[in-house]
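So the chains spell out like this:
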Amino acid sequence: MQAANANATETGATNDFVTVYVGDTLFGLAIERVHDVFVPSGVTPVPLAPAEIVGLLNLRGRVVTAMSLRRRLGLPDAEAEADGTKASPKMAIGLEQAGETFALVVDGVGEVLKLGADSREAVPINLDPRFRDLAICVHRLDGRLLVILDVDALLGFTTAGAKAA
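Cut-off values and rules
Residues numbered from 1 in each chain as written. Predicted model: local features only at pLDDT ≥ 70, side-chain atom pairs only at ≥ 80, totals over all residues. Heavy atoms only, no water. Patch = residues over 30% accessible without salt bridge, like charges linked within 9 Å, V, L, I, M, F, W, Y side chains within 5 Å. Areas by Shrake-Rupley, 256 points an atom, 1.4 Å probe, with all protein chains shown as cover. Salt bridge = Lys/Arg side-chain N within 4 Å of Asp/Glu carboxyl O. Helix = DSSP H or I, 4+ residues; strand = E, 2+ residues; numbered from the N terminus. Pairing = 2+ DSSP bridges. Buried < 20%, exposed > 50% of the residue type's maximum accessible area, 1.4 Å probe, protein only. Axes fitted to C-alpha atoms, helices over the stretch in contact; angles between N-to-C directions. Core = buried A, V, L, I, M, F, W, Y, C linked by side-chain atoms within 4.5 Å. Contact = heavy atoms within 4.5 Å.

Enquirer: Explain a nonpolar patch on the surface here, please?
Expert: Where nonpolar side chains cluster on the molecular surface, the patch consists of Val 46, Leu 56 and Val 63 and spans about 240 Å² of accessible area. Topologically, Val 63 is positioned in strand β5 (residues 62-68).

Structure, rendered in structure tokens:
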């Protein structure tokens, strides 16, 4: 009985997150919102689209809007490496909102983390303002900060999105 209760407590107090990188910053997305992880290819630019929109791509027969997390966060596009080689290939996370599929283009995808409430903290007041409005909370992990993103806010093109365009 005791093991079952401990397991139930642990299960109820944890959440799973897919981790992604933008530069050296680690972000988390609720796993229940992630549908795919893939390398985006064949991206077609969309004239007059907001700056965050990289373009459209075909994902298993569906037209998907590709959005750059870097641009959504107000960060510059990745530069070529110092030795002159091309920047490392990007990855994309498939997300859905209101029946539409989006490809969130990130610098890299990490692992799936199961995190409990013990490492969860409110969004710090000194967190970069570009991240603060899109963050739900943070988790402190062995000297690193994992910023949990609000997928609805991330995909919601409001005033912040209009300013970037």
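Having put the structure on the table, let's press on.
Enquirer: Looking at this structure, how should I read the sheet that holds strand β10 (residues 135-141)?
Expert: Sheet strands pair via backbone hydrogen bonds, and the direction of the pair is either parallel or antiparallel. Reading across from one edge, β8-β1-β2-β11-β10-β9 is the order of the six strands in this open sheet, with mixed pairing throughout. A single partner strand is all that each edge strand has here, and the edge strands are β8 (108-116) and β9 (120-121). In terms of strand pairing, strand β2 (residues 25-30) meets strand β11 (residues 144-149) through three bridges, oriented parallel. Bridge assignment links Phe 27 to a residue of β11, and that residue is Val 147.

Enquirer: Would you explain the pairing of β2 in this entry?
Expert: In the case of a regular strand, side chains alternate between the two sheet surfaces. Most of β2 sits out of view: five of its six residues are buried. As judged from the six bridges shared by strand β1 (residues 14-22) and β2, these two strands associate in the antiparallel manner. Along β2, the bridge assignment pairs Val 22 with Thr 25. Between β1 and the antiparallel strand that follows it, β2, lie two residues; Gly 23 among them carries a positive phi value of about 65°.

Enquirer: When you look at the sheet that holds β5 in this model, what are you seeing that I'm missing?
Expert: The strand order across the open sheet formed by five strands is β3-β6-β7-β5-β4, and the pairing between neighbours is mixed. The strands lining the two open edges of the sheet, one partner per strand, are β3 (34-38) and β4 (53-59). The mean inter-strand angle of the sheet, taken between neighbouring strand axes irrespective of direction, is 30°. Taken together, the four bridges between β5 and strand β7 (residues 100-106) define a ladder with parallel strand orientation. By the bridge assignment for β7, Ala 66 is matched with Ala 103.

Enquirer: Hey, could you run me through the nonpolar core in this one?
Expert: Within soluble globular proteins, side chains that are nonpolar generally end up buried alongside one another. Phe 27, Leu 29, Leu 69, Ile 93, Leu 104, Leu 149 and Leu 154 are the most contacted members of the largest nonpolar core, which has 26 residues in total. Elements represented by at least two residues in this core include exactly β1, β2, β6 (91-97), β7, β10, β11 and α4 (151-155). In contact with Ile 93, other than residues within four places in its own chain, are Val 18, Val 20, Leu 29, Val 34, Asp 36, Val 37, Phe 38, Phe 102, Ala 103, Leu 104 and Val 109.

Enquirer: Help me understand the pairing of β5 in this model?
Expert: The element β5 is extensively covered by neighbouring structure, given that five of its seven residues are classed as buried. The pairing of β4 with β5 spans six bridges and is classified as antiparallel. Residue pairing across strands places Leu 56 opposite Thr 65, the latter belonging to β5.

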